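Summary of the model geometry
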Amino acid sequence: MDVPGRWKGLDFLLNRSGNITGPDFEPDPAVREFLHDSCRVLCVGAGGLGCELLKDLALTGFGNIDVIDMDTIDVSNLNRQFLFRYASLLRLPSRCCTHRMS
């Protein structure tokens, strides 16, 4: 999905120098392409914090996100973990997150 202006905020952050960048940092539009195409992120846990983290990673432009969570989804998860629905009960969170984020 390519919506005009979707990456405006991310481009602003990635294409400027700042106080947290190294001395050799060169702002470059290719950074966003690197995040989406080449960079891999591993998220261990898809619970309350993991759901928020996965959402933020996906919206930031990371294209290769791996999720590990060996738990199963319980009804008590539904009120605080927005990636899960009633149909997700007793399934692996990693599979449900992958399905919802794709």
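For clarity, every value in this text was computed on a predicted model and none was experimentally measured. (Residues numbered from 1 in each chain as written. Predicted model: local features only at pLDDT ≥ 70, side-chain atom pairs only at ≥ 80, totals over all residues. Heavy atoms only, no water.)

Details of the confidence of the model for the chain
- Looking at the chain as a whole, the pLDDT averages 82, with 97% of positions reaching at least 70.
- Strand S1 (residues 40-44) holds the highest mean pLDDT among the elements of the chain, 92, whereas helix H1 (residues 8-14) holds the lowest, 75. (pLDDT = per-residue confidence, 0-100. Helix = DSSP H or I, 4+ residues; strand = E, 2+ residues; numbered from the N terminus.)

Topic: the state of the cysteines
- Across all of its chains, the model carries zero disulfides by this definition.
- Among the cysteines around Cys-39, which has no disulfide bond, Cys-43 carries the closest sulfur, lying 14 Å off.
- Cysteine Cys-51 is unpaired, with the sulfur of Cys-97 as its nearest cysteine sulfur at 4.8 Å.
- By relative accessible area, which is 0% here, Cys-51 ends up buried. (Disulfide = S-S within 2.5 Å. Buried < 20%, exposed > 50% of the residue type's maximum accessible area, 1.4 Å probe, protein only.)

Some words on the pairing of S1
- Along S1, the buried face is formed by Val-41 and Cys-43; none of Arg-40, Leu-42 and Val-44, which line the opposite face, is buried.
- Bridging between S1 and strand S2 (residues 64-68) involves five bridges; their strand directions are parallel. Residue pairing in the sheet places Cys-43 in a bridge with Val-67 of S2.
- In this fold, S1 hands off to helix H3 (residues 48-60), which returns the chain to S2; that crossover is right-handed. (Pairing = 2+ DSSP bridges. Right-handed = clockwise from strand over helix to strand, strands pointing away.)

Examining the side chain of Ser-94
- Mapped onto the secondary structure, Ser-94 falls in helix H4 (residues 93-101).
- Judged by relative accessible area, Ser-94 falls into the buried class, the value being 13%.
- If we ignore the near neighbours within four places in the chain, the residues touching Ser-94 are Val-67 and Asp-69. (Contact = heavy atoms within 4.5 Å.)

Looking at the pattern of salt bridges
- Applying the stated rule across the entire model yields three salt bridges.
- Of the charged contacts, one joins Asp-56 and Lys-55 as a salt bridge, the two residues approaching to 3.3 Å between their closest N and O atoms.
- Classification of Lys-55 by relative accessible area gives partly exposed; the value is 30%. (Salt bridge = Lys/Arg side-chain N within 4 Å of Asp/Glu carboxyl O.)

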